[in-house]
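Chain by chain, the residues:
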Amino acid sequence: MDIQNKNIGVIGTGNMGESIIRGLIQFAKLNPTNVHAADIDEKKLNAIKDQYKIKTYSNNKNLLNEVDIVLIAVKPQQIEEVLHEISTQDKKYILIISVAAGIKTSLIEKSIGKEISVIRVMPNICATVNAAVSALCKGKHATDESFHLATTIFKSIGQVVEVKEELMDVVTGLSGSGPAYIFLAIEALSDAGVELGLTRDISTILAVQTTLGAAKMILDTGDHPSVLRDKVTSPGGTTIRGLAVLEEQNFRAALIDAVKAATERSRELSSQKKS
Ligand SMILES: NC(=O)c1ccc[n+]([C@@H]2O[C@H](COP(=O)([O-])OP(=O)(O)OC[C@H]3O[C@@H](n4cnc5c(N)ncnc54)[C@H](OP(=O)(O)O)[C@@H]3O)[C@@H](O)[C@H]2O)c1
């Protein structure tokens, strides 16, 4: 099934909804007439309409009449109302996608009350610069074809992986919260440069480009990070002296514990929601 001739409706045009719309039009090269967006915030909607030349709706039901695929990008506490609106439609949608954190596919299926393909996705904020990583998991009735469509949509904002639904909290703790860990690391590297005499601008670009370049080296070579680390660590040199301090200060353990703590918090939050 090809995405190009499908009508996709994005409900909620905030940070995530807008990033997906941009990805669909600029990167997946969808015809703007096939992309539809609804939001309760008319100002936001008008800005989206002006920028992407797509059809917009201030009433979700009007969008739901026009589309084959529904992508829900409202906050988790706002999803119940949207699911209720979908459940009242006679139309059989090819696919329902939700990016709402902590909302299980079983809740979506139960609320809609029909055997329908549901895919749950956990993207991250890097979608705003087209460099997200999105983890996808299938609901009970999701077909391989619908999964392929969802994959195509999320490849338009970055990379995609498939995980089992019980691992979505781990994804949240790692790549969902992960940008904040990296922002903190970059800020600390930049602070060190400033303390040692570099200007803030120069120090920050050195820290940022080093982070980007190191990540690109892992992606491009496919090497394990420890192999690349070994390659830049000469005997008796500067890097091993710096690495020794990071080990002494439990840098590695701190990151592992941060991901575990964020995962635990994600589990607590999702267990407070119905399933
Ligand atoms: N942002 C991220 O980095 C990120 C990462 C992973 C997953 N997510 C998930 O993505 C979803 C959206 O997050 P976001 O950061 O994009 O939120 P957001 O900026 O608040 O966007 C949500 C939009 O939906 C609108 N809305 C609320 N109720 C609605 C309804 N009934 N019908 C139509 N539109 C409605 C909101 O309007 P008002 O502002 O007027 O309420 C807002 O414009 C969340 O479920 C979140 O868990 C976000």
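Here's a quick rundown of the structure.

Calculation rules
Residues numbered from 1 in each chain as written. Predicted model: local features only at pLDDT ≥ 70, side-chain atom pairs only at ≥ 80, totals over all residues. Heavy atoms only, no water. Helix = DSSP H or I, 4+ residues; strand = E, 2+ residues; numbered from the N terminus. Buried < 20%, exposed > 50% of the residue type's maximum accessible area, 1.4 Å probe, protein only. Phe/Tyr/Trp six-rings, centres within 6.5 Å; stacked < 30°, edge-to-face > 60°. Lys NZ or Arg CZ within 6 Å of the ring centre and 35° of its normal. Near = heavy atom within 4 Å. Polar contact = N/O pair within 3.5 Å; in protein donor to acceptor, adjacent residues only side chain to side chain. Areas by Shrake-Rupley, 256 points an atom, 1.4 Å probe, with all protein chains shown as cover. 1 Å grid on protein atoms, 1.4 Å probe; cavity = no way out; pocket = protein on both sides within 12 Å on 5 of 7 lines; lining within 4 Å. Sits in = over half its atoms within 2 Å of the grid points. Patch = residues over 30% accessible without salt bridge, like charges linked within 9 Å, V, L, I, M, F, W, Y side chains within 5 Å. Salt bridge = Lys/Arg side-chain N within 4 Å of Asp/Glu carboxyl O. Pairing = 2+ DSSP bridges. Right-handed = clockwise from strand over helix to strand, strands pointing away. Contact = heavy atoms within 4.5 Å.

Generally, phi is negative for residues other than glycine and the peptide bonds are trans, each holding for most cases. Despite not being glycine, K29 has its phi angle at roughly 60°, a positive value. By the element assignment, K29 lies in the loop between α1 (15-27) and β2 (35-38). A relative accessible area of 58% means that K29 is categorised as exposed. In the Ramachandran plot, K53 falls in the positive-phi region, its phi being about 55° despite a non-glycine side chain. Note that K53 resides in the loop between α2 (42-52) and β3 (55-57).

Here we take up the packing of aromatic side chains. Under the definition given, this model contains 0 aromatic pairs. Over the ring of F147 we find K138, and its NZ or CZ is 5.2 Å from the ring centre.

Next up on the list: the site of the ligand. Taken together, 23 residues lie around the ligand, and M16, D39, K44, V74 and A101 are the ones closest in. In the model, an oxygen atom of the ligand is placed 3.1 Å from a nitrogen or oxygen of the N15 main chain. In the environment of the ligand, an oxygen atom lies 3.1 Å from a nitrogen or oxygen atom belonging to the side chain of Q78. About the coverage of the ligand: the protein hides 83% of its 890 Å² of free accessible area. Among the detected pockets, the ligand sits in the second largest pocket.

With that out of the way, let us pick up a nonpolar patch on the surface. Taken together, L198, I202, I205, L206 and V208 make up a surface patch of nonpolar side chains, about 410 Å² in accessible area. Checked against the element boundaries, L198 lands in the loop between α8 (178-195) and α9 (200-221). Accessibility expressed as a relative area gives 38% for L198, which makes it partly exposed.

As for its position among the elements, N46 is in helix α2. A C-alpha to C-alpha distance of 7.8 Å links N46 and T56, two positions 10 residues apart in sequence.

On to the pairing of β2. A two-sided burial pattern is seen for β2, the buried positions comprising V35 and A37 on one face and H36 and A38 on the other. Bridge count between strand β1 (residues 8-11) and β2: 4 bridges; the pairing is parallel. Its bridge partner lying in β2, I8 is registered against V35. The parallel pair β1 and β2 is bridged by α1, and the resulting crossover is right-handed. Across 3 bridges, β2 lies against β3 in parallel orientation. Bridged to H36 within β3 is K55. Since β2 and β3 lie parallel, the crossover through α2 that links them has a hand, and here it is right-handed.

Once that is clear, we can look at the environment of P32. Summarising the element assignment, P32 is placed in the loop between α1 and β2. Linking P32 and K49, residues 17 residues apart in sequence, is a C-alpha distance of 9.9 Å. Apart from the residues within four sequence positions on either side, P32 is in contact with I25, Y52, K53, I54 and K55.

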